[in-house]
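As a plain string of letters, each chain reads:
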Amino acid sequence: MKRRHFIQQTSAGTALITLGGLSLSSFTTASEIKKITILHTNDVHSHIDPFGPEDGRNANKGGVARRASLIESIRKENPNTLLLDAGDIFQGTPYFNYYGGELEFKLMSMLKYDAATIGNHDFDNGIDGLFTQLPHATFEFISANYDFSNTIMDSHVKPYKTFNKNGIKIGVFGLGIELEGLVDPLLRKETKYLDPIEIAQDMTRILKTNEKCDLIICLSHLGYNYKNETTKISDLKLAEATKDIDLIIGGHTHTFLKKPTIVKNKDGNNILVNQVGCYGINLGKIDFYFDSAKNKVANGTSIIV
Amino acid sequence: MVCANVTKLHSKLFDLYMRFTQFIFLLNIFIFFSCKPHNLHPYKIEGQQITINDSLKTNTEIDNFIKPYRDHVVKDLDSILAYSAHTYSKSEGDFNTAIGNFMADAVYDQAYPVFKARTGKDIDMVILNHGGIRSIISKGNITTRTAFELMPFENTLVVVALKGTQIDSLISYLCKTKKAHPISKLKLSMDKDFNVIDASIKDKKIDDSKTYYVTTNDYLYNGGDNMTFFKPNDSVYDLNYKIRNVLIDYFKKVDTISPVIDDRFIQIKK
């Protein structure tokens, strides 16, 4: 069992979590440090062009062409990078009304997104509208708790996907929000929503035990937290109720966080929950460092956010 | 010669290096298989958020790819559909506004034939909400952009079958909120204490036992702006007609709009 201690460095405005336990390294073989970078967006809502200089809150922010150059430079620094989106790609500017999401998918493909999950607004042109745009996406859609088997999307959405980056196996699974009351039945058709916690438990078991992933990421469109709806599932609740997830990348609530949130999971381990607002204003970047030698006895992780 | 020697030396070193890495590789495999399969754990995690702003370079390949789409959208949004005689704002008018009257009447005109064709029934009245008017209409050319600004949301029209008694609840809502919620075909006057003096639909007194077909949008139907009087109801019809498209279609149909504040919802102070 891993023990992770938490030290808050308020003066620096950052949090540092450091490892507990002793480093009883019995192997002295040359160790290689491996760095995996996870980049993420959520709720971009068809915001392709940057906000204009006259926009009150978001003046001169966002823009896909700028995001592209940022991602390019990060990839140059670390080729072992994954780029993920947590849903609600569609709806928000006339680009969506005119092209139905074609441009959004084409651009995400050019930016080499690795995977995206499905948000409620991605149903806005109906499940058929989403299906129509799939040929424009070179990345995959992952959702574990939407059962599409009675819909046109059947077999086009996978519950999870694994990636191998420099010998590190990364498993990413997707979770979507309850559609009832949010997405018109005419649009979602026979899409079934399954319980996110149960599905997350299945997914982590498969990814940890069967797929032997070193890193497990949940790509969620459940929403960060619902203060007034205490029973409603959210990323914070999911983090507490599950184990073996390392990072939850969220969406839906358009939550701007100062820094990723550290949450204790069911096993008492610290995990990260992050969300980067909306409209492509921010890019989230989480770096995971692995050390083959240290790992053999690793019983702690330092989290710097 | 020197070059050749160096190359030789390099290739020898490389050979040695390859053997060494192969050894490490084999060692790793050995360790991997000799121990029980082991998931690696990160020893350090760093998280940060990077704001996309104008300090970042614009990727020209991406920008050039967007350009034809952008040009088309901009050209279409700026295409002229109609002309506005004046500038209209939702803040001009007490209980009815010119811009609100325009919107409610446009909804009636566009929705009426659709509903008639589908059900054989007549729409009796329209109610929208004051907050749903999202911008002004400026004097001069009306473009597709005007429709997007007036109605940026995707709300669609629904027709709700309400009994006359429920129309009474709708009317008391209007009197209580004292707001210029856009209405069409309903006529309403209040006294100085906001009590109903007179109410009619299509110039006829409201009949408690009659069923009225009221057009509104899906947001209000579902209780938006506290309009709770739509439920329960006899039946509801989704027209699958977005309000924005109603406006675009209406603008295309007419040459000039010149709505006025009228007597459809007034207060008589004596």
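Check the entry above for the structure.
The paragraphs below set out a description of the structure included in this document. Every residue gets a number counted from 1 within its own chain, in the order that chain's sequence is written. Note on labels: chains are lettered from A, ligands numbered from 1, in written order. Per-residue local features of the predicted model are confined to residues with pLDDT of at least 70, and side-chain atom pairs are confined, for both listing and counting, to 80 or more; whole-chain, interface and lining totals are unaffected and use all residues.

1. Comments concerning the overall build of chain A
And then number 1: Within chain A, the regular secondary structure consists of eight helices and 17 strands.
And then number 2: Three exposure classes are used. Buried residues have 20 or more other C-beta atoms within 10 Å of their own C-beta, exposed residues have 12 or fewer, and partly exposed residues fall in between, all C-beta atoms being placed from the backbone. In chain A, buried positions account for 48% of the 305 residues.
And then number 3: Once C-beta atoms have been placed from the backbone, residue pairs whose C-beta atoms lie within 7 Å are recorded as contacts. Taking as baseline every contact in chain A between residues at least 6 positions apart, the subset at least 24 positions apart corresponds to 75%. Helix numbers and strand numbers start at the N terminus; a helix is a DSSP run of H or I with at least 4 residues, a strand a run of E with at least 2.

2. A few points about the environment of Thr97 of chain B
All names here are of chain B.
And then number 1: Considering the arrangement of structural elements, one finds Thr97 in the loop between strand 2 (80-84) and helix 3 (98-119).
And then number 2: A residue is classified by how many C-beta atoms lie within 10 Å of it, and Thr97, with 24 of them, is buried.
And then number 3: Taking the C-alpha atoms as reference points, Thr97 and Val260, 163 residues apart in sequence, are found 7.3 Å from one another.
And then number 4: Non-local contacts of Thr97, meaning those with residues more than four positions away in its chain, are made with Lys90, Glu92, Ala180 and Ile261.

3. Regarding the packing of helix 3 of chain B against helix 7 (residues 243-253) of chain B
Residue and element names in this part refer to chain B.
And then number 1: Helix 7 packs onto helix 3 with a crossing angle of 90 degrees between their chain directions and a minimal axis gap of 9 Å. Taken as axis vectors, helix 3 and helix 7 run roughly perpendicular relative to one another. Note on element contacts: helix 7 touches helix 3 through Val246, Leu247, Asp249 and Tyr250, opposite Ala106, Val107, Asp109 and Gln110.
And then number 2: Considered class by class, the residues forming the contact of helix 3 with helix 7 number five nonpolar, one polar and two charged. Angles here are taken between N-to-C directions and fall from 0 to 180 degrees, while the axes themselves are lines fitted to C-alpha atoms, restricted in helices to the stretch in contact. By definition in this entry, angles of less than 35 degrees are roughly parallel, angles greater than 145 are roughly antiparallel, angles of 65 to 115 are roughly perpendicular, and the rest are oblique. Classification used: nonpolar for Ala, Val, Leu, Ile, Met, Phe, Trp, Tyr, Cys and Pro, charged for Asp, Glu, Lys and Arg, polar for all others including Gly.

4. Quick notes on the interface of chain A and chain B
And then number 1: At the junction of the two partners, chain A supplies 55 residues and chain B supplies 34 residues.
And then number 2: For the side of chain A that touches chain B, the secondary structure elements donating two or more residues are helix 1 (64-77), helix 2 (94-99), helix 3 (102-110), strand 15 (270-274), strand 16 (282-291), helix 8 (292-295) and strand 17 (302-304) of chain A.
And then number 3: Looking at which element gives the most residues to the side of chain A that touches chain B, the answer is strand 16 of chain A, with 10 residues.
And then number 4: Of the residues in the side of chain A that touches chain B, the class split is 29 nonpolar, 12 polar and 14 charged.

5. Details of unusual backbone geometry
And then number 1: Along the chain, Lys231 of chain B connects to Pro232 of chain B via a cis peptide bond; the corresponding omega equals -5 degrees.
And then number 2: Among the secondary structure elements, Pro232 of chain B is positioned in the loop between helix 6 (218-221) and strand 11 (235-242).
And then number 3: Here Asp88 of chain A, not a glycine, exhibits a phi torsion of approximately 60 degrees, which is positive.
And then number 4: Along the chain, the position of Asp88 of chain A falls in the loop between strand 4 (81-85) and helix 2.
And then number 5: C-beta crowding within 10 Å serves as the criterion here: with 26 such atoms nearby, Asp88 of chain A is assigned to the buried category.
And then number 6: Residue Gln91 of chain A is not a glycine yet carries a positive backbone phi of 75 degrees.
And then number 7: Of note, Gln91 of chain A is situated in the loop between strand 4 and helix 2.
And then number 8: Exposure remark for Gln91 of chain A: the 22 C-beta atoms within 10 Å place this residue in the buried category.

6. Notes on the sheet that holds strand 14 (residues 261-264) of chain A
Residues and elements named next belong to chain A.
And then number 1: By definition, two strands form a pair when at least two bridges between them are found by DSSP. Here six strands make up an open sheet; going across it, the order is 9-10-12-13-15-14 and the pairing mixed. Strands with a single pairing partner mark the edges of an open sheet, and in this sheet they are strand 9 (160-165) and strand 14. Across this sheet, the average inter-strand angle for adjacent strands is 25 degrees, counted without regard to direction.
And then number 2: With six bridges connecting them, strand 9 and strand 10 (residues 168-175) associate as antiparallel partners. In the sheet register, Lys161 faces strand 10, and the bridge partner there is Val172.
And then number 3: Each of strand 9, strand 10 and strand 12 (215-220) touches helix 6 (residues 196-210); the most contacted strand, strand 10, lies at about 165 degrees to it.

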